[in-house]
Amino acid sequence: MRIVVFGANGPTGRLLVEQALAEGHTVTAVTRDPARFPLEHPALTVAEAEVHDAAAVASVIAGADAALSALGVPYGRQPITVYSDGATNILAGMRATGVRRFACVSSSALDPAAGPHGGFFFERVLQPVIVNVFGKQLYADMRRMEAIVSASEVDWTIVRPSGLFDAPGVSEYDYAERYTPGAFTSRADLANVLLRQATEDDYARKIVAVSTSAGAPTVRELIVKEALGKK
């Protein structure tokens, strides 16, 4: 397939591009700074586009079979619009070019009522601090993104990982509509779920959760990572 990846130069985006190329897809990796993109492959095109630029976004989507968004930014005190602006412009570009399949990364933190993840202390004390203090601006924009995507007419899938961590490769993971019980998701597994959306439609127009058990960090390690804002 011909797949366009937004947020391609982020930790999850690079893994997504690598996995897509390994499976034989033709990939357009979208980044603000193509010179800094580290991957090369005969089936890879590295395109420059800023997701806030609607015309640039539409130009890189043209001809694709699916658009996948691994956009991510660190926590910050200033308002964040990368997720909502990105979704708005990607969806507009898809409408203009006739592309139907879209998947994007969100977070399980947006839906704590879906089910338990990390026990009472994590869910009632730590996670509210992460969501409402450290990540207040980020998660507010993720909510705006989800509303924009779910109201669209394309075949969308919103993918909600739990606490992200690095792992050497794709492992066994739980993957289901809205909720999985694990508190952690490796970026490799998240990338794999995103890639599956390009070739499958079982979860079209649905929100899915993904979590990893093998090699997951401790809750303490997760909190340190979240406080530092690593995405």
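Just above, that's the structure.
Just so you know, these numbers come straight off a predicted model, no measurement behind them.

(A) Molecular detail of the overall build of the protein chain. When its secondary structure is counted, the protein chain shows seven helices and 10 strands. Across the 231 residues that make up the protein chain, the buried fraction comes to 52%. Considering only residue pairs separated by 6 or more positions, the protein chain has 72% of its internal contacts joining residues 24 or more positions apart.

(B) Examining the packing of helix α3 (residues 82-97) against helix α5 (residues 136-150) more closely. The interhelical angle for the contact between α3 and α5, taken along N-to-C directions, is 20 degrees, at an axis separation of 7 Å. Classified by the angle their axes make, α3 and α5 are roughly parallel. Here α3 and α5 pass one another in a crossing that is right-handed. The segment α3 lies against α5, with Val82, Tyr83, Ser84, Ala87, Thr88 and Leu91 engaging Leu138, Asp141, Met142, Arg144, Met145, Ile148 and Val149. Looking at the contact of α3 with α5, its residues break down into nine nonpolar, two polar and two charged.

(C) Region of interest: the pattern of salt bridges. For the structure on display, the rule yields 10 salt bridges. Where Asp65 meets Arg2, a salt bridge forms, and the shortest distance between an N and an O atom there is 3.4 Å. Of this pair, Asp65 sits in the loop between α2 (54-61) and β4 (66-69) while Arg2 is found in strand β1 (residues 2-6), placing the two residues 63 residues apart along the sequence. Using a relative accessible area of 44% as the deciding quantity, one classes Arg2 as partly exposed. For Arg144, the salt bridge identified is with Asp141, shortest N-O distance 3.0 Å. Residue Arg144 and its partner Asp141 are both found in helix α5; the two are separated by three residues, about one turn of the helix.

Reading guide: rules and limits
Residues numbered from 1 in each chain as written. Predicted model: local features only at pLDDT ≥ 70, side-chain atom pairs only at ≥ 80, totals over all residues. Heavy atoms only, no water. Helix = DSSP H or I, 4+ residues; strand = E, 2+ residues; numbered from the N terminus. Buried < 20%, exposed > 50% of the residue type's maximum accessible area, 1.4 Å probe, protein only. Contact = heavy atoms within 4.5 Å. Axes fitted to C-alpha atoms, helices over the stretch in contact; angles between N-to-C directions. Parallel < 35°, antiparallel > 145°, perpendicular 65-115°, else oblique. Left-handed = near helix turned anticlockwise from the far one by under 90°. Nonpolar A, V, L, I, M, F, W, Y, C, P; charged D, E, K, R; others polar. Salt bridge = Lys/Arg side-chain N within 4 Å of Asp/Glu carboxyl O.

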